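# Fold and geometry: a report
What follows is the residue order along each chain.
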Amino acid sequence: MIKLRKVVIVSAIAATGMAGSLAARAAEAEADEQQHRLEARIEELERQLRELSEKMSGASASSATKATVDLPSVQTRPITPNAVAGTRFLYSGFVKLDALWSDYRDGEIADGSIGRDFYLPSTIPVGGVGEGVDFDSHIKQSRFIFGTDTDLANGGLLSSRLEVDLYGSALGDERATNTYGVQVRHAYMQYGRWLVGQTWSNFMDATTLPETADFIGPTDGTVFVRQPMVRYTLGNWSLSAENPETTITPFRGGTRIASDDNSIPDFTAAYTWKFGNGVLRAAALVRQLKYETTGAGAVNDATQGAALSLAGKINFGRHDLRFSITGGEGLGRYVGVNFANDAVLTASGELEAISGWAAFAAWRQVWNDRVRSTLMLSASDYDNDMSLTGGSANRSSWSWAINTFYSPLAKLDLGVELRVAAREIESGASGSMRRVQAVARYSF
């Protein structure tokens, strides 16, 4: 009996030891399995992270992925709810403060005249008595540009631009608010070789305009027009059909007539030569001049205008020379912000085109990375028939100006400009202006 008990006890102890060993082995196997699952999960997460990084960096996906997923090369979601996918947005412009001290030697310029905001030859007083220096300051030239670029499925690019400044009508006065309306400068769309909308006339070369404190600069000799158009560009050639408008001097003088009676657009063509150290651009303008009225003394006549222009920029190391010369008949609206009219009415109610020329040259000297200066000369002259226009028609204008700009920080420009200008009318009366202009401009 005692022996039997010993056998049972020994067997029980052996069984207990074996069970404990089996439990330990099972626990160890389960731990190994959990570790294997954890390692596999980590490997899966690392694989997904690599794929996500490749997609975000624009790396090429596998051939199988390419067959099933079309990854965009731009932002995957538009930044506005109604925007087309694949559209990039841009916003830029500048904020500018102008301060002007103007001395008119031969008369008084009207308060609120646009000629007090920037140089406009036609506003120089003539034949009067000079007054003291006028001081004006404003922020009207501040400019804001909005744009979109959309990548199309065919590989093309569809772009749009909208640009405004603050030269719109006054919404307040200088006593308290100095508030001004927004004014559209450019608004157009562009696809391939086509441009549709409002921008610089194809007859104008905006790239040759010098850096100035003034809104335009060498205004007397500058083609300066923004208007709606359809433009087609092929290589060095560009052709356009643009919005027409005819400005007319009444018979024997008087208030300018702005006629919108044209039945066909203004047509332009331009060709650009690019060479090692510069660029030249020749442009031609052909237009209809038309005026039509009804009732007593009705007028119904049309004639033609045509003009040529050559503009260019030549680089001399860091410095450059910019110039333009324009001449023809019926070009008045396009030059000097309509200093002269396109045509004059005769006694019999017919239109006679006014001929003239305009030119400017500007030398830009870059002193160092922060300082540069520009010296510019500008002039215009028109052949008015005094028996038709009377003695008050603008005959000629000229100006010279010199400025210096300093950029203490990137995108921040501080400048000062001295200008001397004169205007003469057909009667022989003339007037002159001296102006100092200081500016501060931050571009973004």
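Conventions and cut-offs
- Residues numbered from 1 in each chain as written.
- Predicted model: local features only at pLDDT ≥ 70, side-chain atom pairs only at ≥ 80, totals over all residues.
- Heavy atoms only, no water.
- Helix = DSSP H or I, 4+ residues; strand = E, 2+ residues; numbered from the N terminus.
- Buried < 20%, exposed > 50% of the residue type's maximum accessible area, 1.4 Å probe, protein only.
- Contact = heavy atoms within 4.5 Å.
- Areas by Shrake-Rupley, 256 points an atom, 1.4 Å probe, with all protein chains shown as cover.
- Phe/Tyr/Trp six-rings, centres within 6.5 Å; stacked < 30°, edge-to-face > 60°.
- Patch = residues over 30% accessible without salt bridge, like charges linked within 9 Å, V, L, I, M, F, W, Y side chains within 5 Å.
- Salt bridge = Lys/Arg side-chain N within 4 Å of Asp/Glu carboxyl O.
- Lys, Arg positive; Asp, Glu negative; His and termini not counted.
- Charge placed at Lys NZ, Arg CZ, Asp CG, Glu CD.
- Pairing = 2+ DSSP bridges.
- Axes fitted to C-alpha atoms, helices over the stretch in contact; angles between N-to-C directions.
- Core = buried A, V, L, I, M, F, W, Y, C linked by side-chain atoms within 4.5 Å.
- pLDDT = per-residue confidence, 0-100.
- Polar contact = N/O pair within 3.5 Å; in protein donor to acceptor, adjacent residues only side chain to side chain.

## Looking at the overall build of the protein
Helix and strand counts for the protein stand at three helices and 21 strands. In the protein, buried positions account for 40% of the 444 residues. The contacts of the protein with a sequence gap of at least 6 include a subset with a gap of at least 24, amounting to 62%. Total accessible area computed for the protein in this model is approximately 23,700 Å², and 59% of it derives from carbon and sulfur atoms.

## Quick notes on the packing of aromatic side chains
This structure, assessed with the given rule, holds 16 aromatic pairs. Aromatic side chains Phe118 and Phe215 sit 5.0 Å apart centroid to centroid with 45 degrees between the ring planes, which places their arrangement in the tilted category. Of this pair, Phe118 sits in the loop between β1 (87-104) and β2 (134-138) while Phe215 is found in the loop between β6 (194-200) and β7 (226-234), placing the two residues 97 residues apart along the sequence. Accessibility expressed as a relative area gives 8% for Phe118, which makes it buried. Phe215 sits in the buried class, given a relative accessible area of 15%.

## Digging into a negative patch on the surface
Taken together, the side chains of Glu329, Glu352, Asp383 and Asp385 define an acidic patch exposed on the protein surface. Here Asp383 lies in strand β18 (residues 371-383).

## A closer look at the sheet that holds strand β10 (residues 257-259)
Spatial ordering of the open sheet is given by β10-β9-β15-β16, a layout of four strands whose pairing is mixed. Edge positions in the sheet fall to β10 and β16 (351-353), since each has one partner strand and no second. Strand-to-strand twist across the sheet, computed as the mean angle between neighbouring axes with direction ignored, equals 35 degrees.

## Some remarks on the nonpolar core
Ranked by internal contacts, the top residues of the largest apolar core, which has 26 residues, are Phe203, Tyr334, Val335 and Tyr382. Beyond its immediate stretch of four places on either side in the chain, Val335 contacts Asp220, Thr222, Val223, Thr326, Ala358 and Tyr382. Membership of the second largest hydrophobic core comes to nine residues, among which are Leu289, Val299, Leu345 and Leu351.

## Let's talk about the pairing of strand β21 (residues 430-443)
Working note: regular strand, side chains alternate between the two faces of the sheet. The sheet contact formed by β1 and β21 spans eleven bridges and is antiparallel. The residue bridging Ala99 from the neighbouring strand is Ala438, located in β21. By the bridge criterion, 13 bridges tie strand β20 (residues 412-425) to β21 in an arrangement that is antiparallel. What sits directly across from Glu424, in β21, is Ser430. Hairpin connection of β20 to β21: four residues between the antiparallel strands, including Gly428 at a positive phi of 100 degrees.

## Some remarks on the environment of Trp273
Following the sequence through the fold, Trp273 ends up in strand β11 (residues 266-275). The exposure class assigned to Trp273 is partly exposed, which follows from its relative accessible area of 41%. When the C-alpha positions of Trp273 and Trp237 are compared, they lie 9.7 Å apart, and in sequence the two are 36 residues distant. If we skip the residues at most four places from it in the chain, Trp273 touches Gly278, Val279, Leu280 and Ala282.

## Details of the environment of Phe323
Following the sequence through the fold, Phe323 ends up in strand β14 (residues 319-329). It is 9.5 Å that separates the C-alpha atoms of Phe323 and Leu377, two residues lying 54 residues apart in sequence. Aside from chain neighbours lying at most four places away, what touches Phe323 is Thr208, Leu280, Leu310, Ala311, Gly312, Lys313, Ile314, Phe360 and Ala361.

## A closer look at the confidence of the model for the protein
The predicted coordinates should not be examined in detail at positions where pLDDT is low. Taken residue by residue, the protein gives an average pLDDT of 89. The fraction at 70 or more is 84%. Considering only residues more than four positions removed or in separate chains, one finds that residues 1-24, a stretch of pLDDT under 50, has zero contacts. Across residues 59-69, where pLDDT falls below 50, the model places three contacts with residues more than four positions away in sequence or in other chains.

## A few points about the side chain of Arg372
Tracing the sequence through the fold places Arg372 in strand β18. Of note is the side chain of Arg372, whose polar atom sits 3.2 Å from the side chain of Asp413. What Arg372 contacts, discounting residues up to four positions off in sequence, is Glu211, Arg364, Gln365, Val366, Trp367, Asn403, Thr404, Phe405, Tyr406, Ser407 and Asp413.

## Regarding the pattern of salt bridges
In total, this model carries 26 salt bridges according to the counting rule given. With its nearest N and O atoms 3.2 Å apart, the salt bridge here joins Arg372 to Asp413. Placement of Arg372 in strand β18 and of Asp413 in strand β20 is noted, with a sequence separation of 41 residues between them. By relative accessible area, Asp413 is classed as buried at 10%. Salt bridges here are not isolated pairs; linked through shared partners, they connect Glu211, Asp320, Arg322, Arg364, Arg372, Asp413 and Arg441.

## What about unusual backbone geometry?
One can expect most non-glycine residues to show negative phi and most peptide bonds to be in trans. Phi is positive for Asn338, close to 60 degrees, though the residue is something other than glycine. Inspection of the secondary structure assignment puts Asn338 in the loop between β14 and β15 (343-345). Given a relative accessible area of 10%, Asn338 falls into the buried group. Here Lys411, not a glycine, exhibits a phi torsion of approximately 75 degrees, which is positive. You can see Lys411 is positioned in the loop between β19 (394-409) and β20. Overall, Lys411 belongs to the exposed group, its relative accessible area being 54%.

## Concerning the side chain of Asp301
Relative to the helices and strands, Asp301 is located in strand β13 (residues 300-316). With no salt bridge to any partner, buried Asp301 finds its closest opposite charge in Lys290, at an N-O distance of 9.8 Å. One polar contact links the side chain of Asp301 to the main-chain amide nitrogen of Leu351, over a distance of 2.7 Å. Sequence-distant contacts of Asp301, defined by excluding residues within four places in its chain, comprise Leu289, Lys290, Tyr291, Gly349, Glu350 and Leu351.

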